[in-house]
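A closer look at the structure
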Amino acid sequence: MKKAFAVIIASALALGVMLSGCSVEIRSIDSLMRPPHTAMEAELQKSISALIGDEISYRSPESGEDHSAITIRDINRDGVNEAVVFYVKNDDASTVRMCVLTQSGKDWLLVSDFTGNGNGVLTVNFEDLNDDNDEEILVTWFIFNDKSQKKLSIYAADTQNNSLKVSSCISEPYNLMAVTDAYGDGEKQLLVAYSNITKEIDKNTLKLIGVSKDNEISILNEIILDNRIINLTSISTDLPPGGNPRLYVDAHVSDKSSITQVIEWNEEQRNFVSSINDTNAADLTLRSSNLICKDIDKDGIIEIPIQKPLSESINSDTSLAYLLEWCEIKDSDLVPQEYHIVNMLENYTLYFPKEWKNKIFVKSDNSARTWHFVDAEENVFFSISACMFEEWDESNFDNAQMLMIQGETVYFCTVTDVGAENGIVIADLMNYFTVNINSQG
Ligand SMILES: [Ca+2]
Ligand SMILES: [Ca+2]
Ligand SMILES: [Ca+2]
């Protein structure tokens, strides 16, 4: 049975591109200390000194929305503030600790004090996963000053007889996470994607972590992802009308190519299955770029960038070009919603309106660094060219309109009279044109 619900993509939680390789950054403790912002924080710090001692230094989360060592928030929504505080003991600065306090008049009382799971805090977020009015605390840590080695800890909050308890429940290594209703039953789970590069097989996993009504936190499902994945880049979710929530995982399978795996819960099979009905579903999404899937036409449904040979060409060499079809999944098939032409030789992408399909074709003149866009009779509608900056001189290019300068390269276009008669407008071309930055292999 499916209830109505809202998919929550925790963009604050989806921590973006996984850090590849070792990214070591050591910040001094001094740089992370700051004076209290408010009188309330000053009182809080006094209480912390009394409860934990003076020989501590505060530590701030380094990413995410909240960069403060002290987060004041009403975790159990009873009108009384709680504080979540990250710090190190000065005689053991290698382990960040987390304490939770609750306000009592001017004073603060200690609820819990935990040894953290790393020597740095990346993010702190709050999410009531089991809908019991007590927010779980989601903390991500990095280990050995290496932000590519990340761990997620969930601390469950539970209010009984007006008394808040916070307990440490689960810790998982992870690269990416998001919060969603993966089963479509109105309950939220935490999705945790992790690539364990030390393993040979089953190294890439997507775990679904749930919190029961009595605050038991457990791994509900573990999905093995494509073994070729070397680097997870993004998790996103959508909900097609009348369908199941879908989970999208973008990943690199080599330095220069990416795939998207899409899975959804299947009630009959009691398992997660591919949303794309093809035995080689991931291969269909293989592309030589870092592009991740996104809702490109802003209709709430995610599109996957699918790379296809550029058949829209006439008498020309377009071997270093391809068509990018942004496809949504409809009835388990990939259905193009938007087209882009990618010129890898000149490193740009041109949005290609649907109505141009089968009407406008590419005729390349690569030696002149120009692509003409022509009709079936090879009448030129418009041209897009590139030249070095020093060559750029509008007087040498009749009616040319500069599109963009990228480094030493100037991109420009011209529209012919025939093109204008057929509705081609320079202002549109300027909107359709983008230079590819670090996206091409
Ligand atoms: Ca409270
Ligand atoms: Ca809760
Ligand atoms: Ca869309």
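Residues numbered from 1 in each chain as written. Chains lettered and ligands numbered in written order. Predicted model: local features only at pLDDT ≥ 70, side-chain atom pairs only at ≥ 80, totals over all residues.

1. Points about the nonpolar core
Counting residues in each nonpolar core, the largest one holds 99 residues, and the members touching the most others are Val85, Leu191, Val192, Ala193 and Val249. If one sorts the elements of this core by residue count, strand β19 (residues 321–330) sits on top with seven residues. Not counting the four nearest positions on each side in its chain, Ala193 is found in contact with Tyr174, Asn175, Leu176, Leu206, Leu232, Ile235 and Val249. (Core = buried A, V, L, I, M, F, W, Y, C linked by C-beta atoms within 7 Å. Buried ≥ 20, exposed ≤ 12 C-beta atoms within 10 Å, placed from the backbone. Helix = DSSP H or I, 4+ residues; strand = E, 2+ residues; numbered from the N terminus. Contact = placed C-beta atoms within 7 Å.)

2. Observations regarding helix α2 (residues 39–52)
The end-to-end C-alpha distance of α2 is 20 Å, a good match for the 20 Å that 14 residues give at a rise of 1.5 Å each. A positive backbone phi angle near 115 degrees is found at Gly53, which sits one or two residues after α2. (Expected span 1.5 Å × (residues − 1).)

3. Description of the sheet that holds strand β12 (residues 204–211)
Spatially, four strands are ordered β10-β11-β12-β13 in an open sheet, and the strand pairing comes out antiparallel. Taken across any chain shown, the strands that pair with only one partner, and hence form the sheet edges, are β10 (176–180) and β13 (217–224). Each strand of the sheet is rotated relative to its neighbour by a mean of 20 degrees, with strand direction disregarded. The pairing of β10 with strand β11 (residues 189–195) spans five bridges and is antiparallel. Within the sheet, the bridge partner assigned to Leu176 lies in β11 and is Ala193. (Pairing = 2+ DSSP bridges. Axes fitted to C-alpha atoms, helices over the stretch in contact; angles between N-to-C directions.)

4. Quick notes on the environment of Asn204
Here Asn204 lies in strand β12. Its 25 C-beta neighbours within 10 Å are what place Asn204 among the buried residues. Sequence spacing of Asn204 and Tyr194 is 10 residues, and the spatial spacing of their C-alpha atoms is 5.8 Å. Setting aside its immediate chain neighbours within four residues, Asn204 contacts Ser195, Leu225, Asp226, Asn227 and Ile229.

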